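Below are the chains, spelled out letter by letter.
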Amino acid sequence: MLGKFASKVADVLGGSFVKEVKDGIMAYFPPDMSPQEKAVHAERVEAFLHQKFMDKNKLLTEAADQLDRRIEQQEGSAKDLKSIPILGHLIIFLRAAQRPIWGYATLYIDGNWFLHRPVYTEQQQAALIVVNVLVLGFLFGERTIKNLEPLIMSVFGKKSGVAAD
């Protein structure tokens, strides 16, 4: 998670930011400065900004690594579980199988719902919708769910009395 954050910060502080700062500094160069002097100073400013950018990148990477180590110390790792004879391997298997199990279970329940039309209570239907959004959101990404949000609200907002925007 922090790795994604660090890469986004690096993108923001990256090329365009360095260029904007360099251009801003160069705007304050004396007008009587020769083009050669401007080029030399612009190169120095760019080298300085690049070094600062690399320093910040290094700090963000170290922070992400430190967080990863701390999480591993607090929660343990798969290596720790392997040391438990039978139970450890079972836990690793179940942990790895959880997402596929949820995916196939959701597929089965949805197929049952659409093909056989069982009678679900309103609460069961709401729970099924929530599970679908969670599982399908994981499988297809948050952007897909966000793009489908108006459709979801128009279909399900009418039943609950919530006005669709």
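Heads up: the structure comes first, above all this text.
Cut-offs and rules
- Residues numbered from 1 in each chain as written.
- Predicted model: local features only at pLDDT ≥ 70, side-chain atom pairs only at ≥ 80, totals over all residues.
- Heavy atoms only, no water.
- Helix = DSSP H or I, 4+ residues; strand = E, 2+ residues; numbered from the N terminus.
- Expected span 1.5 Å × (residues − 1).
- Buried < 20%, exposed > 50% of the residue type's maximum accessible area, 1.4 Å probe, protein only.
- Lys, Arg positive; Asp, Glu negative; His and termini not counted.
- Salt bridge = Lys/Arg side-chain N within 4 Å of Asp/Glu carboxyl O.
- Axes fitted to C-alpha atoms, helices over the stretch in contact; angles between N-to-C directions.
- Parallel < 35°, antiparallel > 145°, perpendicular 65-115°, else oblique.
- Left-handed = near helix turned anticlockwise from the far one by under 90°.
- Contact = heavy atoms within 4.5 Å.
- Nonpolar A, V, L, I, M, F, W, Y, C, P; charged D, E, K, R; others polar.
- Patch = residues over 30% accessible without salt bridge, like charges linked within 9 Å, V, L, I, M, F, W, Y side chains within 5 Å.
- Areas by Shrake-Rupley, 256 points an atom, 1.4 Å probe, with all protein chains shown as cover.
- Charge placed at Lys NZ, Arg CZ, Asp CG, Glu CD.
- Bend = angle between axes of the 7 residues up to and from the residue.
- Phe/Tyr/Trp six-rings, centres within 6.5 Å; stacked < 30°, edge-to-face > 60°.

### Some words on helix α3 (residues 35–75)
Piece 1. When the terminal C-alpha atoms of α3 are compared, their 59 Å separation across 41 residues agrees well with the 60 Å that a helix rising 1.5 Å per residue should span.
Piece 2. Taken together, the buried positions of α3 are Ala42, Val45, Leu49, Phe53, Leu60 and Ala64.
Piece 3. Gly76 sits one or two positions beyond α3 and adopts a positive phi of about 85°.

### Examining the side chain of Asp110
Piece 1. Mapped onto the secondary structure, Asp110 falls in helix α5 (residues 87–116).
Piece 2. For Asp110, which is buried and forms no salt bridge, the nearest opposite charge comes from Arg117, at a distance of 11 Å.

### Structural notes on the packing of α5 against helix α6 (residues 122–140)
Piece 1. Running from amino to carboxyl end, α5 crosses α6 at an angle of 135°, the nearest separation of the two axes being 10 Å. Considered as vectors, α5 and α6 are oriented oblique to each other. The hand of the α5/α6 crossing is left-handed. Only Gln125, Leu128, Ile129, Val131, Asn132, Val135 and Phe138 of α6 make contact with α5, whose side of the interface consists of Arg99, Trp102, Gly103, Thr106, Ile109, Asp110 and Trp113.
Piece 2. Among the residues making up the contact of α5 with α6, the classes are represented as 8 nonpolar, 4 polar and 2 charged.

### Regarding a negative patch on the surface
Piece 1. Taken together, the side chains of Glu62, Asp65, Asp68, Glu72 and Asp80 define an acidic patch exposed on the protein surface.
Piece 2. Per element, the largest residue contribution to the negative patch is 4 residues, and it comes from α3.
Piece 3. Within the secondary structure layout, Glu62 lies in helix α3.

### Section: α5
Piece 1. Of all the bends in α5, the greatest, near 45°, is centred on Ala97, and the proline Pro100 appears no more than four residues after it.
Piece 2. On its buried side, α5 packs onto α4 (78–82) and α6.
Piece 3. Following α5 by one or two positions, Arg117 has its phi on the positive side, about 50°.

### Overview of unusual backbone geometry
Piece 1. We note that Arg117 has phi near 50°; this positive angle belongs to a residue other than glycine.
Piece 2. Mapped onto the elements, Arg117 comes out in the loop between α5 and α6.

### Thoughts on a nonpolar patch on the surface
Piece 1. A cluster of nonpolar side chains, Ile84, Leu87, Leu90, Ile91, Phe93 and Leu94, forms an exposed patch at the surface whose accessible area comes to about 540 Å².
Piece 2. Within the fold, Phe93 resides in helix α5.

### Looking at the packing of aromatic side chains
Piece 1. Inspection of the entire model under this criterion finds 2 aromatic pairs.
Piece 2. Ring geometry for Trp113 against Phe114: centres 5.6 Å apart, planes inclined by 15°, an arrangement best described as stacked.
Piece 3. Taken together, a centroid distance of 6.1 Å and an interplanar angle of 70° make the contact between Trp113 and Tyr120 edge-to-face.

### Regarding the environment of Ala126
Piece 1. Along the chain, Ala126 falls in helix α6.
Piece 2. The exposure class assigned to Ala126 is partly exposed, which follows from its relative accessible area of 39%.
Piece 3. Placed 30 residues apart in sequence, Ala126 and Phe156 show a C-alpha to C-alpha distance of 9.6 Å.

### A short note on the environment of Asp110
Piece 1. On the basis of relative accessible area, Asp110 is assigned to the buried category, the value being 13%.
Piece 2. A sequence separation of 19 residues divides Asp110 from Ile129, and the C-alpha atoms of the two residues are 9.6 Å apart.
Piece 3. Beyond its immediate sequence surroundings of up to four residues, Asp110 is in contact with Leu128 and Asn132.

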